[in-house]
Amino acid sequence: MSPMLRNVVAVVAGAIVGGAVNGMLISLSPSLIPPPPGVDVSDTTSLRNAIHLFEPRHFVMPFLAHALGTLAGALAAYLIAATHRARMAYVIGALFLLGGIAASFMIPAPAWYIAADLLGAYLPMAWLAVQIGRRLARERGVSQPQAA
């Protein structure tokens, strides 16, 4: 497989892995931290009308879903990529950041949460994935094609 094609596969796989982790955690969220009574978290109108009932604890799982989804996706992209591994991980971080920005316009949330989510859940997790990927590659004795 050509390096360019492998890098494209890495980004697609990273997006799929990250989306799956994110979706799984979002699905588990209501059973771990139940929403306020009468709120349907799958309905944006219900969320919009009841957002004032949400406490900080209700935002823990969405943040973790975004952060861990990005971390998993970026790490997958890093490990699969043939070249420019860090760049592929940061592409995943940027794609998920764009999704987070879009979500911040569609799903009501307090400003403090939106700021924490956008600043902490995406690009820092892509950076962390690069650090983990580099360490894993060193431990496995895999040559690093590029430091970028």
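Treat the numbers as computed from the prediction; the structure is a model and nothing was measured. (Residues numbered from 1 in each chain as written. Predicted model: local features only at pLDDT ≥ 70, side-chain atom pairs only at ≥ 80, totals over all residues. Heavy atoms only, no water.)

### Regarding the overall build of the chain
Reasoning step 1: The helix and strand inventory of the chain stands at six helices and zero strands.
Reasoning step 2: Starting at the N terminus and ending at the C terminus, the chain contains elements arranged as α-α-α-α-α-α.
Reasoning step 3: The principal-axis extent of the C-alpha atoms belonging to the chain is close to 55 × 25 × 25 Å.
Reasoning step 4: Put simply, of all contacts in the chain between residues at least 6 apart along the chain, 76% involve residues at least 24 apart. (Helix = DSSP H or I, 4+ residues; strand = E, 2+ residues; numbered from the N terminus. Contact = heavy atoms within 4.5 Å.)

### Some details on the packing of helix α3 (residues 60-80) against helix α5 (residues 111-120)
Reasoning step 1: In contact at an axis separation of 10 Å, α3 and α5 are set at 15° when each is read in the N-to-C sense. Judged on the interaxial angle alone, α5 and α3 are roughly parallel. When you trace α3 past α5, the crossing you get is right-handed. Each of P62, F63 and H66 in α3 lies in contact with α5, whose residues at this interface are Y113, A116, D117 and G120.
Reasoning step 2: For the contact of α3 with α5, the per-class residue count stands at four nonpolar, two polar and one charged. (Axes fitted to C-alpha atoms, helices over the stretch in contact; angles between N-to-C directions. Parallel < 35°, antiparallel > 145°, perpendicular 65-115°, else oblique. Left-handed = near helix turned anticlockwise from the far one by under 90°. Nonpolar A, V, L, I, M, F, W, Y, C, P; charged D, E, K, R; others polar.)

### Section: a nonpolar patch on the surface
Reasoning step 1: On the surface, a cluster of nonpolar side chains totalling about 740 Å² of accessible area is made up of M1, M4, L5, V8, V9, V12 and I16.
Reasoning step 2: Examined against the element boundaries, L5 turns out to sit in helix α1 (residues 3-32).
Reasoning step 3: L5 sits in the partly exposed class, given a relative accessible area of 45%. (Patch = residues over 30% accessible without salt bridge, like charges linked within 9 Å, V, L, I, M, F, W, Y side chains within 5 Å. Areas by Shrake-Rupley, 256 points an atom, 1.4 Å probe, with all protein chains shown as cover. Salt bridge = Lys/Arg side-chain N within 4 Å of Asp/Glu carboxyl O. Buried < 20%, exposed > 50% of the residue type's maximum accessible area, 1.4 Å probe, protein only.)

### Some details on the pattern of salt bridges
Reasoning step 1: Under the counting rule described, the total for this entry stands at one salt bridge.
Reasoning step 2: Measuring nitrogen to oxygen at the nearest pair gives 3.0 Å for the salt bridge that ties E55 to R57.

### Side note on unusual backbone geometry
Reasoning step 1: Although it is not a glycine, H84 adopts a positive phi angle of roughly 50°.
Reasoning step 2: Mapping H84 onto the fold places it in the loop between α3 and α4 (85-106).
Reasoning step 3: Classification of H84 as partly exposed rests on a relative accessible area of 24%.

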